[in-house]
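The lines below spell out each chain.
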Amino acid sequence: MKRVVIIGGGISGLSTALYLKEQAASAGHEIECLLIEKGSRLGGNILTEKVDGFLIEGGPDCFLSEKPWAAQLCRHLGLGDQIMPTTEENKGTFVLSKGRLHEMPDGLILMVPTKIMPLITTSLFSWLGKLRMGFEIFIPPRHSKEDETLGSFVRRRLGKEALDKIAEPLVAGVHAGDPETMSMRASFPKFMEMEDEHGSLVKGMLARMKKAKEVQRASSGPRPTMFMTLKGGLSEMINEIVSRLGSSSIKLNTSVAKVEEKGGKYFLTMEAGATIEADSVIFSTPAHISSSLLVELDNPLSEKLQTIPYVSTATVTLAFNASEVKLPKSFGFVIPRVEERKIMAATFTSRKFAGRCSDEYIMIRCFVGGSKNEYLVALDDKEMVDMVRGELKDIIGLNAEPVLSRVYRWRKAMPQYTIGHLERVRWISERVHQHPGLYLTGSAYNGIGISDSIREGEITAKKCLDYLFPKR
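Now for a description of the structure that goes with this document. (Residues numbered from 1 in each chain as written. Predicted model: local features only at pLDDT ≥ 70, side-chain atom pairs only at ≥ 80, totals over all residues. Heavy atoms only, no water.)

Re the overall build of the protein
Here's step 1: Counting secondary structure elements, the protein contains 16 helices and 22 strands.
Here's step 2: Taken against the 2.2 N^0.38 rule, which gives 23 Å for 472 residues, the C-alpha radius of gyration of the protein at 23 Å falls within 12% of a compact globule.
Here's step 3: For the protein, the spread of C-alpha atoms along the principal axes amounts to about 70 × 55 × 45 Å.
Here's step 4: When burial is assessed residue by residue, the protein has 52% of its 472 residues classed as buried.
Here's step 5: Pairs at least 24 residues apart make up 73% of the contacts formed inside the protein by residues separated by at least 6 positions.
Here's step 6: In the structure as shown, the protein presents an accessible area of about 21,400 Å², 53% of it carried by carbon and sulfur atoms.
Here's step 7: Positive and negative side-chain charges of the protein, numbering 62 and 57 respectively, have mean locations separated by a distance of 4 Å. (Helix = DSSP H or I, 4+ residues; strand = E, 2+ residues; numbered from the N terminus. Rg over C-alpha atoms; globule rule 2.2 N^0.38 Å. Buried < 20%, exposed > 50% of the residue type's maximum accessible area, 1.4 Å probe, protein only. Contact = heavy atoms within 4.5 Å. Areas by Shrake-Rupley, 256 points an atom, 1.4 Å probe, with all protein chains shown as cover. Lys, Arg positive; Asp, Glu negative; His and termini not counted. Charge placed at Lys NZ, Arg CZ, Asp CG, Glu CD.)

Description of helix α2 (residues 69-76)
Here's step 1: Within α2, burial applies to A70, A71, L73 and C74. Buried residues of α2, seen end-on, are gathered within an arc of 160° and therefore sit on one face of the element.
Here's step 2: Looking at the buried residues of α2, the elements they touch are α1 (11-27), β5 (63-64), β6 (83-85), β11 (227-230), α10 (235-245) and α16 (450-468).
Here's step 3: Taken from the residues just after α2, G78 is the one with a positive phi, measuring 85°. (Arc of directions from axis to C-beta.)

Comments concerning the nonpolar core
Here's step 1: Core analysis: the biggest nonpolar cluster contains 38 residues, and I6, L20, F63, L73, M237, I241 and I454 have the highest contact counts within it.
Here's step 2: For this core, the secondary structure elements donating two or more residues are β1 (2-7), α1, β2 (31-36), α2, β11, α10 and α16.
Here's step 3: Sort the elements by how many residues they give to this core and α1 lands first, with seven residues. (Core = buried A, V, L, I, M, F, W, Y, C linked by side-chain atoms within 4.5 Å.)

So, the packing of α2 against α16
Here's step 1: Contact geometry of α2 with α16 gives a least axis separation of 7 Å together with a crossing angle of 65°. Classified by the angle their axes make, α2 and α16 are roughly perpendicular. On the side of α2, the interface is formed by W69, A70 and L73, while α16 contributes I450, S451, D452, I454 and R455.
Here's step 2: Taken together, the residues of the contact of α2 with α16 sort by class into five nonpolar, one polar and two charged. (Axes fitted to C-alpha atoms, helices over the stretch in contact; angles between N-to-C directions. Parallel < 35°, antiparallel > 145°, perpendicular 65-115°, else oblique. Nonpolar A, V, L, I, M, F, W, Y, C, P; charged D, E, K, R; others polar.)

Looking at the layout of surface pockets
Here's step 1: By volume, the second largest pocket is sized at about 400 Å³.
Here's step 2: As for the second largest pocket, its lining consists of 19 residues, of which S429, V432, Y439, L440 and K463 are closest to the centre.
Here's step 3: Listing elements by their share of the lining of the second largest pocket, those giving two or more residues are α15 (421-432), β22 (438-440) and α16.
Here's step 4: Among the residues forming the lining of the second largest pocket, the class breakdown is nine nonpolar, eight polar and two charged. (1 Å grid on protein atoms, 1.4 Å probe; cavity = no way out; pocket = protein on both sides within 12 Å on 5 of 7 lines; lining within 4 Å. Points joined across faces, edges and corners; volume = space filled by probe spheres on them.)

What about empty space enclosed by the protein?
Here's step 1: In the structure shown here, the tally under the stated rule is two cavities of 30 Å³ or more.
Here's step 2: In this structure, the largest cavity occupies an estimated 180 Å³ of space.
Here's step 3: What lines the largest cavity is a set of 17 residues, and nearest its centre among them are E168, I335, R337, M344 and K372.
Here's step 4: For the lining of the largest cavity, the element with the highest residue contribution is helix α6 (residues 160-175), accounting for four residues.
Here's step 5: In terms of residue class, the lining of the largest cavity is made up of seven nonpolar, six polar and four charged.
Here's step 6: Looking at the second largest cavity, its volume works out to about 40 Å³.
Here's step 7: Around the second largest cavity, the lining residues are L55, I56, E57, D61, T317, T349 and R365.

Digging into the sheet that holds strand β13 (residues 256-262)
The strands making up a sheet associate through backbone hydrogen bonding, with each pair oriented either parallel or antiparallel.
Here's step 1: Spatial ordering of the open sheet is given by β13-β14-β15, a layout of three strands whose pairing is antiparallel. Only two strands of the sheet have a single neighbouring strand rather than two, namely β13 and β15 (275-278). Going across the sheet, the axis of each strand differs from the next one's by a mean of 20°, ignoring polarity. (Pairing = 2+ DSSP bridges.)

Regarding the pattern of salt bridges
Here's step 1: Tallied over the full model, the rule gives 36 salt bridges.
Here's step 2: We note a salt bridge from R142 to E148, for which the minimum N-O separation is 3.5 Å.
Here's step 3: Residue classification places R142 among the partly exposed positions, given a relative accessible area of 27%.
Here's step 4: Take E148: its relative accessible area is 5%, and that puts it in the buried class.
Here's step 5: Here D394 ties to R341 by a salt bridge, and the two come within 2.9 Å at their closest N and O atoms. (Salt bridge = Lys/Arg side-chain N within 4 Å of Asp/Glu carboxyl O.)

What about the sheet that holds strand β17 (residues 310-321)?
Here's step 1: Read from one edge to the other, the open sheet built from seven strands follows the order β8-β7-β18-β19-β20-β17-β21, with strand pairing classed as mixed. Only two strands of the sheet have a single neighbouring strand rather than two, namely β8 (100-103) and β21 (404-415). For this sheet, the mean inter-axis angle between neighbouring strands, taken without regard to orientation, is 25°.
Here's step 2: Here β17 pairs with strand β20 (residues 361-369) via nine bridges, running antiparallel.

Side note on the packing of helix α5 (residues 150-157) against α6
Here's step 1: Interaxial distance between α5 and α6 falls to 9 Å at its minimum, and their mutual angle equals 140°. With respect to α6, the axis of α5 lies oblique. Classified by chirality, the crossing of α6 by α5 is right-handed. Between α5, through L150, G151, V154 and R155, and α6, the contact on the second element is made entirely by K160, A162, L163, A167 and A172.
Here's step 2: Here the residues of the contact of α5 with α6 are counted per class, giving six nonpolar, one polar and two charged. (Left-handed = near helix turned anticlockwise from the far one by under 90°.)

Some words on α15
Think of an α-helix as turning once every 3.6 residues; residues three or four places apart then point the same way.
Here's step 1: If you check α15, its first and last C-alpha atoms are 16 Å apart, about what twelve residues at 1.5 Å a residue would give, namely 16 Å.
Here's step 2: On its buried face, α15 is in contact with α7 (184-187), α12 (299-305) and β22. (Expected span 1.5 Å × (residues − 1).)

By themselves, these are just geometric observations and shouldn't be taken as functional.
Structure (structure tokens):
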């Protein structure tokens, strides 16, 4: 019987293990799949806590409906009826600009304006900024295959105000990254495709919207919102995967010290001293962790993995008595770095998704750290909560005493797709091919986010099985 060892128990490792088990069974192959996790729990950055009637997400709180793989996996796991959209009557986002919150104009999709009047009437942009954004349809496409930073791309197509007030806090903020180093081709290829195909982001976005409406008219069921989640929290997906894998397939609190390759087999030495032999080994750990485990097996590969940078972030969830809080009707607000604040954004969690807490409370989640203020993640819980409360007081006048507070830190957990990322990943992929049966998967390579990690898990599982059971 072939044995596969997966290192890392986040959504990447778990989805890889699930697809391995199911694909092998479907093909009539017998394999032993063992997942090793150094921590005491599974799920990685996905962490749902239920405390005194509050449903709190420590890491991501949703997945994008545009990327279908997370929703597909949920349905496959029998959680289709648990998929939940955002509460659309509260829809909207504010942007902090010059110390004041401005509503993001209707029709602004990510960073692309698709409606004229809301752009004309918004207080967010100056008249020069509005004209520059409207002029985007006349900017010729670059027609170059060379990579470009997000900052350069947005300034070129939409102007500096669009970068500072929208693209940086809204688009780069998802990655907690610096727009002046982020790779467009690796992080946001669809925007570059729009420019290549339509010559304009505005024209490209309108074409995509038209196509999406046609698809929706042809499909049955309710229209999904941009962000989707699970009624019981995203950990429901983790729990269901774990139950299908079975406890005998998982080792918690187990650290791998090194991985060696001998005679077509892999030998994993644990920190405790034991050795596990495997026919194939899959690393679903962050690139810098995989690097440390591959030093002896392949030092050039280890060094290249170290060139993928990571940043640390934290989320702080606070709950208040609803009677003591007055919030603007929206899902929350984002903060451009030019505002020099200590939080990146705030989500009005109980407004965004139903059932996060009872109506007598309001729950707010703030985002800390990232490429600019990474040092703040080192604050202790009280210092971080006090800092966040101070920011909320300054920005929205919130001075109430929280009835609940939770801090979650994610140290060096967010990979950064900087300029040259695609070339780095291509080199890594070619180098890995020199070690048959060894695979790297996860958010460090071909997509950040839950859906991308799930898709990569499925692809990696298929590659592994094709290696172990080649077709005659």
